[in-house]
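Given next are the chains, with one letter for each unit.
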Amino acid sequence: MITQIKMAVALLLFAETALVAATSVMELGLKGDGQTDDTAALQQLLAAGKLELDFPPGTYLLGTVELPAGASLHFSPMARIKVVPAKIQELKGESSKDLARPLFLLKGDRIVVDGLDAAGVLETTDKDQRGRERLAVNRLFHGENVADLTFRRLRAVLAEKRAKASPTLLYLAQCRDIVLADSQMENLMHGVHAVRCRNVSVHGNRALYCNTITTFTDSEYLRHYDNWSRCVIYQCVFRGGSPDPSRKAPRVPLGSSATVIRGLDPTQTNYNAHLAGTYDIQISNNYAEYGRTLAWGNKGRDVIFAGNISRFMNDYSYGIEGCENVVFANNI
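Residues numbered from 1 in each chain as written. Predicted model: local features only at pLDDT ≥ 70, side-chain atom pairs only at ≥ 80, totals over all residues. Heavy atoms only, no water.

(A) Unusual backbone geometry, seen in detail. Within the chain, Asp182 stands out as a residue other than glycine whose phi angle is a positive 55°. Overall, Asp182 belongs to the partly exposed group, its relative accessible area being 43%. Unusually for a residue other than glycine, Cys231 sits at a positive phi of about 55°. Relative to the helices and strands, Cys231 is located in the loop between strand S25 (228-230) and strand S26 (234-239). For Cys231, a relative accessible area of 26% gives the class partly exposed. (Buried < 20%, exposed > 50% of the residue type's maximum accessible area, 1.4 Å probe, protein only. Helix = DSSP H or I, 4+ residues; strand = E, 2+ residues; numbered from the N terminus.)

(B) Structural detail: the sheet that holds strand S14 (residues 139-144). As summarised here, the arrangement of the nine strands in space is S5-S10-S14-S17-S20-S23-S26-S29-S32, forming an open sheet in which the pairing is parallel. Strand pairing shows two members of the sheet lacking a second neighbour, strand S5 (65-67) and strand S32 (318-321), which therefore form its edges. Within this sheet the neighbouring strands show an average axis-to-axis angle of 10°, counted without direction. For strand S17 (residues 168-173) and strand S20 (residues 190-195), the ladder comprises five bridges, and the chain directions are parallel. When the sheet's bridge partners are listed, Tyr171 is paired in S20 with His193. (Pairing = 2+ DSSP bridges. Axes fitted to C-alpha atoms, helices over the stretch in contact; angles between N-to-C directions.)

(C) Broad picture of the pattern of salt bridges. With the rule as written, the count across this model stands at 16 salt bridges. A salt bridge links Lys87 to Asp37; the shortest N-O distance between them is 2.6 Å. Of the two residues, Lys87 is situated in the loop between strand S7 (79-83) and strand S8 (91-92) and Asp37 in strand S2 (residues 33-37); the sequence distance between them amounts to 50 residues. Notably, a salt bridge pairs Arg230 with Glu289, separated by 2.5 Å at the nearest N-O pair. (Salt bridge = Lys/Arg side-chain N within 4 Å of Asp/Glu carboxyl O.)

Following this line, the structure appears as structure tokens:
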């Protein structure tokens, strides 16, 4: 009797899984033949409410794709994306120099991307208006004011680093509830760059020759754990304002080395980024070698470094500047 009940439950679970299984994009009109531009076809599917999508083996030519709320993209290990540079959108950031060219633009909450292999995507070049060569895509994902985002088993590996022009895997501004997990990155600028975000979890990732896995700026609630890196300059950085105004006055207010104001908004009158802080940081059970530091940050409040292993660094293993309520425990 118990065995029959277990079998019945298993059948029900299988039936439920089958009902919500992702649909192959090739069955819905994408070609994936490496020659046909699939950008418009994919965008139309998403706009029509086809949100659970599976990308079987093939090569998909894409420009910038806007992902709506609830989009869930699942990629076969043999699925590849080839960039159509003319179809990549260019977005202006907070500064005139900050021009984002994302492949995927996050336009809603509850987005999931699993298994994407970006080999070649972040190495494709085109030319700017002055005829200078540049990366066609400098951010794989870009999102602002969205929530509940999950990125798993991504692979963003470049053949070589492009100094300051290296791309970022995931850029987020004023977002919350974010997961980047079990992903591989090489020769990137940042794995995730979070600006004024809340509740970010970065874990189980592997990185080589990057600037950072995590850059956490003026944000709250970070869990950075179980990551591995080699030749990564800073595996994790949490950045608030400058803790040393003596070197940067008058741009940094004099006497502000210990001043942190929570919830600063760049649209506020007299906004000064150097008065911002980062809050509730947990950096635990990570391994790093041959970098500058495993983790470092400034103007952090309530920070824990625990259970990390760091070796062969050319500066120090863990560092803080202008922080309060910091715990170092059981690190090697």
